[in-house]
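Geometric and topological summary
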Amino acid sequence: MSGAVLVAVAAAIGNLLQGWDNATIAGAVLYIKREFSLESEPTIEGLIVAMSLIGATCITTCSGGISDWLGRRPMLIISSVLYCVSGLVMLWSPNVYILLLARLLDGFGVGLAVTLVPVYISETAPPEIRGLLNTLPQFTGSIGMFFSYCMVFGMSLSELPNWRLMLGVLSIPSLIYFILTIFFLPESPRWLVSKGRMSEAKKVLQRLRGREDVAGEMALLVEGLGVGGETSIEEYIIGPANEDIEDQDISDDKDQIKLYGPEEGLSWVARPVTGQSSLGIVSRHGSMASQSALGLVDPLVTLFGSVHEKVPETGSMRSALFPHFGSMFSVGGNQARNEEWDDDIVPREGEDYPSDGGGGDSDDNLHSPLISRQTTSLDKDIVPTNHGSLTSLRHGSLMQSTTGEQVGSMGIGGGWQIAWQLSEKVGPDGKKEGGFKRIYLHQEGVPGSRRGSLVSLPGNEAPVDSEYVQAAALVSEPALYASELMKQHPVGPAMVHPAETAKGPSWKDIFEPGVKHALVVGIGIQILQQFSGINGVLYYTPQILEQAGVGVLLSNLGISSSSASLLLSGITTLLMLPSIAVAMRLMDIAGRRSLLLSTLPVLIISLLVLVIGSVVKMGNVVHAAISTVSVVLYFCFFVMGFGPIPNILCAEIFPTRVRGLCIAMCALTFWICDIIVTYSLPVLLKSVGLASVFGMYAVVCVISWVFVFLKVPETKGMPLEVITEFFSVGAKQVAAAKNN
């Protein structure tokens, strides 16, 4: 998956430029004041720093809708152009008004980068490493700050520091970013699918994943275009077709779903669990009941947690359901002859589909079924996809990975599989109507290669040498299912082309229960992040350390106070980098929720120590040591959790169709809170003092921990479309519980 990694690194340069700009203006403003004689005009001085925030806030209000219409990549290109132009204008700026204009343009670039880079990375990254890659913006932003502090510190040592050069240097990395966005970054495959550009989306996915077979993920992206369908959670016991499970709560043969494998004689049966079976003891329901006893925890949190607590330790990159599960869905194309060995598959009328406009990857045939006849079987059978687009899905086959192992076409990441079940329902007129259910399958428990381990429960009479596993399933109607096409093609899920069915972003979709629930989580965590004190500690680090006596030590070395403050900020930023590296490693292992719950207490303790240090009188050396350690700990643990995770979560929890709109709302909240905190800080410092301000921040961090514990679910390793389905299910469960 080196393609996805390189693309994420290139996109994250936008955040490097943001960090670079923030640190540069903090140092350059000291010299801007002198040249333009702004000592007596604090309003203009504040505007020079704040104009970037104002520009970011303004552009954020429309960036989401425009990115849904125009695409993610063009917006990143525009961001790089704005960065570059603003750097050149700042290099020239003959007066303060031109400088303010340049800072406004810079703010536009910052707003686009901060809003859309996490979205872009989330939409291109594989689920297994999405958290790691989405921590890159925090890492590159800190690198940008460190390089900038080093540059500004070096320039500050000269007799006449040139602030125009400090600010204008931004145009050089901006030019590199512009070249990368033009020639290297592809468009988001999810956005391409939402516009019906299936062939392009397939090629991008093949490049990002480094393999030809991307059928499962292509089907997933098509399914992700829906917003809030009727979804239910079901459980299945999956095992060999010829093996009986002696459990009265496992449904009988008439309800079973047959899954076919690519090898002769290789097939399995999925039997729905209809009650509390002996096998169901190890299911999610037990854990959900125990957690619900807490009363206050959002059912959505327990719903997500029930998936993660039994995720297999190994095999996450392939299906862990059992050894051949990843490949058994891949019957099709070159393997069509394998149908001969199963007597249940018989020819039917309407078996032959019309060709797709002469073959190839043409998107002209808008009414072609998503699934070909070669991969379907009888009613109630799960049917798989084949290959990458609506027109080429029927021509796929089982692919080989670069390591020589088989890659299943139905794997959609994180151990999840996607499948369809042909079903029948009775219509209003009493006639049977054909339809399809979409099923997201996920194993519960250990890998199936450990034969019989799942069923070694007291009272279970299943054979010990059996090989079957328990699987959870999210079941709903396909997002783009068209019942009128079923009359034309009685076999295969008939899907209309996304360009015909998938509507653009709509404000109405935002009021769907799952989206509203996600907005509460996204906006809430953005507000709490900004009020947790990062800006206060960041902007006043030099002052805090100078008051602690550290600045005096540096001045004794012949370094001026302004240079000393820059050096201290640079050293603090450098210490943050290893912490972000640790966060990148843990983001997909421990998870977002766990990192937040474990790092927030350290922030609380650090702030309380700073409060005590400001109130209690102690020796200068002790005071300096305690204050310095507290500030460094605060920064290091902030960037491990509360720094990157709010943006990561916001980029994960919204449906594709409204992701741009919802992200813009969360980003707008971020910038407004940033402005409030930045401008209220001097007033608070003057009225209540530094100790009281840090005390307020500590209280907000306590509230943040409670909010995360009660409301924020764990999303690690889950495909984006599965996450949004869970939000939809969880929101409806909450509504149902309130009604009852």
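Quick caveat, the model's predicted, so the values are computed rather than measured.

This part takes up the overall build of the protein. Scanning the protein from terminus to terminus reveals 27 helices and 10 strands. In the protein, the proportion of contacts linking residues at least 24 apart, taken out of those at least 6 apart, comes to 80%. If you sum the accessible surface of the protein, you get close to 28,600 Å²; carbon and sulfur atoms cover 62% of it.

A pair of packed helices is captured by two measures, namely the crossing angle of their axes and the spacing between those axes. Between helix α3 (residues 42-70) and helix α25 (residues 659-687), the shortest axis-to-axis distance is 7 Å and the interhelical angle comes to 165°. It follows that α3 is roughly antiparallel to α25 by the angle criterion. Viewed along their axes, α3 and α25 form a crossing whose handedness is left-handed. Across the interface between the two elements, Gly46, Ala50, Leu53, Ala56, Thr57, Thr60, Thr61, Ser63, Gly64, Gly65, Ser67 and Asp68 of α3 pack against Gly660, Leu661, Ala664, Ala667, Leu668, Trp671, Ile672, Asp674, Ile675, Thr678 and Tyr679 of α25.

With that out of the way, let us pick up the nonpolar core. Core analysis: the biggest nonpolar cluster contains 156 residues, and Ile32, Ile48 and Phe726 have the highest contact counts within it. A total of 14 residues in this core trace back to one element, the largest contributor, which is helix α5 (residues 96-124). Membership of the second largest hydrophobic core comes to 9 residues, among which are Ile238, Ala270, Ala473 and Val475.

On to the state of the cysteines, then. With the rule as written, the count across this model stands at 0 disulfides. Between cysteine 666, a cysteine without a disulfide, and cysteine 650, which holds the nearest cysteine sulfur, the sulfur-to-sulfur distance is 3.7 Å.

On to unusual backbone geometry. The backbone of serine 37 shows a phi angle near 50°, a positive value even though the residue is not glycine. As for its position among the elements, serine 37 is in the loop between α2 (13-36) and α3.

Next up on the list: the side chain of serine 194. Mapped onto the secondary structure, serine 194 falls in helix α9 (residues 189-194). Engagement of the side chain of serine 194 in a polar contact is seen with the backbone oxygen of tryptophan 191, the distance being 2.5 Å.

This part covers the pattern of salt bridges. By the definition in use, this model includes 18 salt bridges. The salt bridge partner of arginine 72 is aspartate 68, with a shortest N-O separation of 2.8 Å. Grouping residues by exposure puts arginine 72 and aspartate 68 together as buried. Residues glutamate 217 and arginine 209 are paired through a salt bridge, measuring 2.7 Å at the closest nitrogen-oxygen approach. Accessibility assignment for this pair places glutamate 217 and arginine 209 in one class, buried. Counted as one network, the salt bridges with shared partners bring together Asp68, Arg72, Glu123 and Arg659.

Here we take up empty space enclosed by the protein. In total, this model carries 6 cavities of 30 Å³ or more according to the counting rule given. Computed from the structure, the second largest cavity encloses a volume of approximately 80 Å³. Together, Val114, Thr115, Pro118, Gln526, Asn647, Cys650, Ala651, Ile663, Cys666, Ala667 and Phe670 line the second largest cavity. Broken down by secondary-structure element, the contributors of at least two residues to the lining of the second largest cavity are α5, α24 (645-650) and α25. Ranked by residues supplied to the lining of the second largest cavity, first place goes to α25 with 4 residues. Class assignment for the residues of the lining of the second largest cavity results in 8 nonpolar, 3 polar and no charged.

Mapping arginine 190 onto the fold places it in helix α9. Every residue in contact with arginine 190, bar those within four places of it in the chain, is listed here: Ser122, Glu123, Leu220, Leu221, Thr656, Arg659, Leu720 and Glu721.

Looking now at the packing of aromatic side chains. What the rule picks out here adds up to 11 aromatic pairs. On the numbers, 5.1 Å between centres and 45° between planes, the contact of phenylalanine 304 with phenylalanine 726 is tilted. Placement of the pair is phenylalanine 304 in helix α13 (residues 299-308) and phenylalanine 726 in helix α27 (residues 720-739), with a sequence separation of 422 residues. Relative accessible area serves as the criterion here: at 1%, phenylalanine 726 is assigned to the buried category. Looking at arginine 207, its charged tip hangs above the ring of phenylalanine 184, at a distance of 4.9 Å from the centre.

Here α5 crosses helix α6 (residues 130-156) at 155°, and the two axes come no closer than 9 Å. In this view, α5 runs roughly antiparallel relative to α6, as classed from their interaxial angle. Where α5 crosses over α6, the two elements pack in a sense that is right-handed. Counted together, Val117, Pro118, Ile121 and Ser122 of α5 and Arg130, Leu133, Asn134 and Pro137 of α6 form the full contact between these two elements. Looking at the contact of α5 with α6 residue by residue, the classes come out as 5 nonpolar, 2 polar and 1 charged.

A separate point is the confidence of the model for the protein. Do not read the predicted coordinates in detail wherever pLDDT is low. Per-residue pLDDT for the protein has a mean of 75; in total, 67% of the residues score no lower than 70. Per-residue pLDDT stays below 50 along residues 446-466; that stretch engages in 40 contacts with residues further than four places along the chain or on separate chains.

Another aspect to go through is a nonpolar patch on the surface. A surface patch of nonpolar side chains, amounting to about 310 Å² of accessible area, comprises Trp69, Leu70 and Ile78. Positionally, tryptophan 69 belongs in helix α3. Residue class for tryptophan 69 comes out exposed when judged on its relative accessible area of 62%.

Checked against the element boundaries, tyrosine 120 lands in helix α5. Look at tyrosine 120 and you get buried, because its relative accessible area is 0%. Considered as a pair, tyrosine 120 and alanine 651 are 531 residues apart in the sequence and their alpha carbons are 8.4 Å apart. Every residue in contact with tyrosine 120, bar those within four places of it in the chain, is listed here: Val7, Ala11, Arg72, Leu76, Leu185, Pro186, Glu187 and Ser188.

This next bit is on the pairing of strand β10 (residues 469-476). Successive side chains on a regular strand alternate, one facing one side of the sheet and the next facing the other. Among the 8 residues of β10, 8 are classified as buried, and the element is accordingly described as predominantly covered. Side chains of β10 alternate between two faces, with Val469, Ala471, Ala473 and Val475 and Gln470, Ala472, Leu474 and Ser476 buried alike.

Below, the discussion takes up the environment of leucine 116. Here leucine 116 lies in helix α5. Between the C-alpha atoms of leucine 116 and asparagine 647, which are 531 residues apart in sequence, the distance is 10.0 Å. In this view, leucine 116 contacts Ser67, Met75 and Leu76; residues no more than four positions away in its chain are not counted.

Tracing the chain through its elements places cysteine 701 in helix α26 (residues 690-711). When residues no more than four places from it in sequence are discounted, the contact partners of cysteine 701 are Ser532, Leu600, Leu603, Ile604 and Leu607.

Definitions and cut-offs
Residues numbered from 1 in each chain as written. Predicted model: local features only at pLDDT ≥ 70, side-chain atom pairs only at ≥ 80, totals over all residues. Heavy atoms only, no water. Helix = DSSP H or I, 4+ residues; strand = E, 2+ residues; numbered from the N terminus. Contact = heavy atoms within 4.5 Å. Areas by Shrake-Rupley, 256 points an atom, 1.4 Å probe, with all protein chains shown as cover. Axes fitted to C-alpha atoms, helices over the stretch in contact; angles between N-to-C directions. Parallel < 35°, antiparallel > 145°, perpendicular 65-115°, else oblique. Left-handed = near helix turned anticlockwise from the far one by under 90°. Core = buried A, V, L, I, M, F, W, Y, C linked by side-chain atoms within 4.5 Å. Buried < 20%, exposed > 50% of the residue type's maximum accessible area, 1.4 Å probe, protein only. Disulfide = S-S within 2.5 Å. Polar contact = N/O pair within 3.5 Å; in protein donor to acceptor, adjacent residues only side chain to side chain. Salt bridge = Lys/Arg side-chain N within 4 Å of Asp/Glu carboxyl O. 1 Å grid on protein atoms, 1.4 Å probe; cavity = no way out; pocket = protein on both sides within 12 Å on 5 of 7 lines; lining within 4 Å. Points joined across faces, edges and corners; volume = space filled by probe spheres on them. Nonpolar A, V, L, I, M, F, W, Y, C, P; charged D, E, K, R; others polar. Phe/Tyr/Trp six-rings, centres within 6.5 Å; stacked < 30°, edge-to-face > 60°. Lys NZ or Arg CZ within 6 Å of the ring centre and 35° of its normal. pLDDT = per-residue confidence, 0-100. Patch = residues over 30% accessible without salt bridge, like charges linked within 9 Å, V, L, I, M, F, W, Y side chains within 5 Å.

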